[in-house]
Amino acid sequence: MKPATKYKETELTWLYITVFTAVENWDDFFSICLKTVLKEIEKHYGLKNTILGIHISGHSHMNISLSVPSQNKRVIAKYFDTHVKNYLEQLPLEKAKKKPKRLLFMPIPSNSIRYGTYDLNAKSKIFKNLDSTLSKIITEIFKARQVSMNYLIVEVYALLLSALKYMSSQQSLDIKNIITGVKDEDADLEDFSTLYNEEDTVFNEIKEEIECFTLFHWMKYWKKHLAVTVIKKDKDLGRNDADEELNTVLFLNRIMLEFGLDRYLKHSLLYILKIQTVDNLQFKSKKFIDNEINCIGDKIEV
């Protein structure tokens, strides 16, 4: 394929791409394939911005949103399709648990690509900002070390816990009300205590990793997002504690939605959050919270 002529700064449009492949393939796909393809697209066709999203439960996949020149959208999609499909064809197929029945809508095959399955423009401004921040965090996660399902669960938990701790340091929140608001109405968190088992690998990783949030290289992006988008109040809006709790519920729910957590993982992490916050007497201590906030990183000027 010949390189396109240099594009002019004109109207931009979004190209929405979803790549379906197993979590264990994500590391190599990101470092070997995706980074190279995006670099070539930027060089030859123009690429203003990239927003990554991942779904770790069920039929695992990556959402790749590209802000590109409108006139090059079709050729960029073709270039992406050709080069990424060539890479995906070399990967082992994700093993199906059972042969699917003949349905009206059959499951999307592993190691395949779909276009236009979602739309960033349909989201409110606060969630667009969240997408952009989570994209930076996801990029940092892939840079840090080998990605596994357990590792990703730990990262999501760190996002949730650090958000709750930061918010608690800035305003009066009833954490119990927030966790109740985030969980499904028909869910009893006690039924999702498996990950909290002392011998469970995931919880052991959570205990080891979250001693101090400076271990997470993406925390600088996350703290800035919390400070600017969530924590900073506009007094003219006349917000009260109930508003802040509802905003926090929506925010935490959105994080779990953006990482594609299924019902089991969502409520398992909420159970652990409850143990670490509501049931933790230390958590209610201002000194404890201040110490934890110091661990989140350097002060961000808002």
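Residues numbered from 1 in each chain as written. Predicted model: local features only at pLDDT ≥ 70, side-chain atom pairs only at ≥ 80, totals over all residues. Heavy atoms only, no water.

**Topic: the sheet that holds strand β4 (residues 112-115)**
For clarity, the threshold we go by: The pairing criterion for strands is at least two bridges between them, as found by DSSP. A run of H or I in DSSP counts as a helix once it spans at least four residues, and a run of E counts as a strand once it spans at least two, with each numbered from the N terminus. Only the stretch in contact is used when a helix axis is fitted, and all axes are lines through C-alpha atoms; the angle between N-to-C directions ranges over 0 to 180 degrees.
Ordered in space as β2-β3-β1-β4, the four strands form an open sheet in which the pairing is antiparallel. Among the strands making up the open sheet, the edge pair consists of β2 (49-55) and β4. Across this sheet, the average inter-strand angle for adjacent strands is 20°, counted without regard to direction. Across seven bridges, the pairing between β2 and strand β3 (residues 61-69) is antiparallel. Counterpart to Ile 54 in the pairing with β3 is Met 62.

**Digging into the packing of aromatic side chains**
The line we're drawing: The rule is short: rings of Phe, Tyr and Trp, with Trp giving its six-membered ring, pair when the centres are within 6.5 Å, and they are stacked under 30 degrees, edge-to-face over 60, tilted in between. Accessibility here uses a 1.4 Å probe with only protein chains present; expressed as a share of the type maximum, an area under 20% marks a residue as buried, one over 50% as exposed, and anything in between as partly exposed.
Summed over all chains, the structure comprises seven aromatic pairs. Judged by centre distance (5.6 Å) and plane angle (65°), the ring pair of Tyr 45 and Tyr 79 falls under edge-to-face. Placement of Tyr 45 in the loop between α1 (26-44) and β2 and of Tyr 79 in helix α2 (residues 73-88) is noted, with a sequence separation of 34 residues between them. A relative accessible area of 9% places Tyr 79 in the buried class. Ring geometry for Phe 192 and Tyr 264: centres 6.5 Å apart, planes at 45°, overall tilted. Here the residue Phe 192 occupies a position in the loop between α5 (175-182) and α6 (201-209), and Tyr 264 occupies one in helix α9 (residues 263-276), the gap between them amounting to 72 residues. Exposure remark for Phe 192: the relative accessible area of 11% places this residue in the buried category. Ring pairs connect the aromatic residues Trp 14, Tyr 16 and Tyr 118, which therefore count as one cluster.

**Topic: unusual backbone geometry**
At Asn 111, a residue that is not glycine, the phi angle is positive and equals roughly 60°. Assignment of secondary structure puts Asn 111 in the loop between α2 and β4.

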